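Given next are the chains, with one letter for each unit.
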Amino acid sequence: MLYSDKVLEHFTNPRNVGEIDDADGIGEVGNAKCGDIMKMYLKIDEGNITDAKFKTFGCGAAIATSSMATELIKGKSIDEALKLSNKAVIEALDGLPEVKLHCSVLAEQAVKAALSDYYTRKGLDPLLYVGELKEIEH
Ligand code: FES
């Protein structure tokens, strides 16, 4: 079996799909090679992520990893969300096939892009808090 049960489960029944109308941060990232796009919406209150939703136009692994990423950051502090690595998302999903690892990077980067937007809206330099968003490679 290529995909773990958890990946299949999050792909067929993704959590937190949709948009947040009054989001405090919105991030959109894409992978230039496969053309997949992920959009992340965050609601933030006093430094905590109170809600997260996403829309992913992409492969099954991208949908499963964005679903898991939103589950992992909901209720967490911004600092904890910034530490969310694609590896942590993969572990929570019981692994991903090698050729699909880059899809999980999309999820990590979408969270960081939304937090960058949050800081930008506050008039703060996101580079100081979030750092550079790394290139997504295949
Ligand atoms: Fe593009 Fe998975 S193939 S994100």
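Our structure is the block above this text.
In this text, all values refer to a predicted model and were calculated from it rather than measured experimentally.

Undergrad: Explain the overall build of the chain to me, and be specific about the residues and the numbers.
TA: Helix and strand counts for the chain stand at 6 helices and 3 strands. Along the chain, from the amino end to the carboxyl end, the secondary structure elements read α-β-β-β-α-α-α-α-α. Over its C-alpha trace the chain gives a radius of gyration of 14 Å, about what one expects of a compact globule, namely 14 Å for 138 residues. In terms of its C-alpha atoms, the chain occupies a principal-axis envelope of roughly 45 × 25 × 25 Å. Burial statistics for the chain: of 138 residues in total, 47% are counted as buried. Within the structure as shown, the chain displays about 7,100 Å² of accessible surface, and the carbon and sulfur contribution to it stands at 50%.

Undergrad: Would you mind going over the side chain of Ser4 in detail, with residue names and values included?
TA: Relative to the helices and strands, Ser4 resides in the segment before helix H1 (5-12). Residue Ser4 is classed as buried on the basis of its relative accessible area of 15%. A polar contact of 2.5 Å, which involves the side chain of Ser4, links it to the backbone oxygen of Leu93.

Undergrad: Give a description of the pairing of strand S1 (residues 25-30) that names residues and reports values.
TA: Side chains of S1 alternate between two faces, with Gly25, Gly27 and Val29 buried and Ile26, Glu28 and Gly30 left unburied. For S1 and strand S2 (residues 37-45), the ladder comprises 6 bridges, and the chain directions are antiparallel. In the sheet register, Gly25 faces S2, and the bridge partner there is Leu42. Counting the residues between successive antiparallel strands, the hairpin from S1 to S2 contains 6 residues, one of them, Gly35, with a positive phi of roughly 85°.

Undergrad: Break down the pattern of salt bridges for me, citing the residues and quoting the values.
TA: All told, the structure shown has 9 salt bridges when counted by the stated rule. Residues Asp22 and Lys43 are paired through a salt bridge, measuring 3.4 Å at the closest nitrogen-oxygen approach. Note that Asp22 is positioned in the loop between H1 and S1 and Lys43 in strand S2, a separation of 21 residues in sequence. We classify Lys43 as partly exposed; its relative accessible area is 23%. Bridged by salt links that share partners, the residues Asp22, Asp24 and Lys43 form one connected network.

Undergrad: Quick one: what's the story with the side chain of Asn31, residue by residue and with numbers?
TA: Tracing the chain through its elements places Asn31 in the loop between S1 and S2. Of the polar contacts made by the side chain of Asn31, one reaches the backbone nitrogen of Cys34; its length is 3.2 Å.

Conventions and cut-offs
Residues numbered from 1 in each chain as written. Predicted model: local features only at pLDDT ≥ 70, side-chain atom pairs only at ≥ 80, totals over all residues. Heavy atoms only, no water. Helix = DSSP H or I, 4+ residues; strand = E, 2+ residues; numbered from the N terminus. Rg over C-alpha atoms; globule rule 2.2 N^0.38 Å. Buried < 20%, exposed > 50% of the residue type's maximum accessible area, 1.4 Å probe, protein only. Areas by Shrake-Rupley, 256 points an atom, 1.4 Å probe, with all protein chains shown as cover. Polar contact = N/O pair within 3.5 Å; in protein donor to acceptor, adjacent residues only side chain to side chain. Pairing = 2+ DSSP bridges. Salt bridge = Lys/Arg side-chain N within 4 Å of Asp/Glu carboxyl O.

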